[in-house]
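A closer look at the structure
Next come the chains, spelled out residue by residue.
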Amino acid sequence: MLNTALIIGLGIVCLILTVLALIFGVIALANNKPSKFLWLILFLSSLVGLILCIFIVVRKVAHAVQDYAVNAGDRFEAYSDSLNGGLYHSSAGKHEISPSSPQIKVLKSYLAANILNNEPEEFYSYAGFKDYRRFPLRYPFSIHTLYANSPGELYNEVNVKRFDENDNGEIYLDISNIVKIAFDRNYLLIEQEVSSTRTDKLIKHFLLFDFETQKKEEASSLPQLIKLARDKGYGGSDTLMTLEQYHHLF
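Some thoughts on the nonpolar core
Note that soluble globular proteins tend to have their nonpolar side chains buried in a common cluster. One finds Leu137, Leu154, Ile181, Phe183, Leu188 and Phe209 to be the most contacted residues of the largest nonpolar core, which totals 30 residues. Among the secondary structure elements, those contributing two or more residues to this core are helix H3 (102–109), helix H4 (122–125), strand S3 (126–129), strand S5 (141–145), strand S8 (178–183), strand S9 (187–194), strand S10 (203–210) and helix H6 (243–247). Here the element with the most residues in this core is S8; it accounts for 3 residues. Setting aside chain neighbours within four positions, we find Leu188 in contact with Leu137, Leu154, Ile181, Ala182, Phe183, Leu207, Leu208, Phe209 and Phe211. Core analysis: the next-biggest nonpolar cluster, separate from the first, contains 11 residues, Leu189, Leu208, Ala219 and Tyr234 among them.

Pasting the structure below:
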């Protein structure tokens, strides 16, 4: 396969021949010399060669830029993972969580004895693919996002066998626009940011989700959400974290 330097050199030769063929072709045409057809053929051939060389070089540069961007993204993710102790890593676009992650141990401690070790291990380890992110909570619930820093949606994955497939039996729980969370073994505290038709600002909503009943209750403010959760026996943190902060727990 021709390398880029050789193609550029060939393109320069084609450019020179194109210019020379044009000049001498015009002279031959003005003097009505028989060689005018040879110069015309040379001009057209050189022009085609020049265009082809330019196309190949541009395509190579575009592919190189694309590869660099992908590799830079992988290097950045690898660097971020190293800051997290290497427990979260990416390979060929697939994001995975190490079984030794302390947060996985916390999630498993929330399960009843009859459920623990019966859930798919991939529920904890599979964290998404490329821009798609998945954040496991207490089994069988998880939050999905299309991009790393975008709001999430809550799913029940009790019927999921393969987590790296689309339409795999996951159940959307009609809770979206999730930007912050806190939870314990029984309750998930949710802060949402919802767009409004009356203003450009995002409106905050607060929900309390019961892992056992899968029912949700609304609260008018964060303090009311905390109070509602505490009154029901919630024993987790009063501080809600972003999905990015939750990601770093792994």
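A few points about the sheet that holds S10
One open sheet holds the 5 strands; their spatial order is S11-S10-S9-S8-S12, and the pairing between them is antiparallel. One side of each edge strand has no neighbouring strand; the edge strands of this open sheet are strand S11 (216–219) and strand S12 (241–242). Running over the sheet, helix H5 (residues 222–231) touches S9, S10 and S11 and is turned about 5° from S10.

Regarding the pattern of salt bridges
Between side chains of opposite charge, a pair can form when the charged atoms approach closely. Per the counting criterion, the structure on display carries 11 salt bridges. In this structure, Glu121 and Lys108 form a salt bridge, with 3.1 Å as the shortest nitrogen-oxygen distance. Placement of the pair is Glu121 in the loop between H3 and H4 and Lys108 in helix H3, with a sequence separation of 13 residues. Ionic pairing is found between Asp238 and Arg230, a salt bridge with its closest N-O pair at 2.4 Å. The structure contains a network of salt bridges with shared partners spanning Arg162, Asp164 and Glu165.

Describing the confidence of the model for the protein
Confidence in the prediction for the protein averages 85 pLDDT; 88% of positions are at 70 or higher. Here residues 81–86 scores under 50 on pLDDT; set against residues more than four positions off or in separate chains, the count is 7 contacts.

Observations concerning the packing of aromatic side chains
Evaluation of the coordinates by the stated rule reveals 12 aromatic pairs. Seen from their ring centres, Phe24 and Trp39 are 5.1 Å apart, and the 20° between their planes marks the pair as stacked. Here Trp39 lies in helix H2 (residues 36–83) and Phe24 lies in helix H1 (residues 4–30), a separation of 15 residues in the sequence. A residue is classified by how much of its surface remains accessible, and Phe24, at 39% relative accessible area, is partly exposed. Three or more aromatic residues joined by ring pairs make a cluster, and in this case those are Tyr110, Phe141, Phe183, Phe209, Phe211, Tyr246 and Phe250.

Details of the pairing of S11
When S10 meets S11, the two strands line up antiparallel, connected through 4 bridges. Its bridge partner lying in S11, Leu207 is registered against Glu218. Where S10 folds back onto S11 in an antiparallel hairpin, the turn is made up of 5 residues, including Gln214, whose phi is positive at roughly 60°.

Structural notes on unusual backbone geometry
Here Tyr139 and Pro140 are connected by a cis peptide whose omega angle stands at 10°. Among the structural elements, Pro140 can be located in the loop between strand S4 (132–136) and S5. Here the phi dihedral of Asp167 falls at roughly 50°; this positive angle occurs in a residue that is not glycine. In this fold, Asp167 is placed in the loop between strand S6 (153–156) and strand S7 (171–172).

What about the environment of Asn177?
By secondary structure assignment, the location of Asn177 is in the loop between S7 and S8. Discounting chain neighbours no more than four positions away, the residues touching Asn177 are Pro151, Gly152, Glu191, Gln192, Glu193 and Val194. Among the polar contacts listed, one links the side chain of Asn177 to the side chain of Ser176, at a separation of 3.3 Å.

Conventions adopted
- Residues numbered from 1 in each chain as written.
- Predicted model: local features only at pLDDT ≥ 70, side-chain atom pairs only at ≥ 80, totals over all residues.
- Heavy atoms only, no water.
- Core = buried A, V, L, I, M, F, W, Y, C linked by side-chain atoms within 4.5 Å.
- Buried < 20%, exposed > 50% of the residue type's maximum accessible area, 1.4 Å probe, protein only.
- Helix = DSSP H or I, 4+ residues; strand = E, 2+ residues; numbered from the N terminus.
- Contact = heavy atoms within 4.5 Å.
- Pairing = 2+ DSSP bridges.
- Axes fitted to C-alpha atoms, helices over the stretch in contact; angles between N-to-C directions.
- Salt bridge = Lys/Arg side-chain N within 4 Å of Asp/Glu carboxyl O.
- pLDDT = per-residue confidence, 0-100.
- Phe/Tyr/Trp six-rings, centres within 6.5 Å; stacked < 30°, edge-to-face > 60°.
- Polar contact = N/O pair within 3.5 Å; in protein donor to acceptor, adjacent residues only side chain to side chain.

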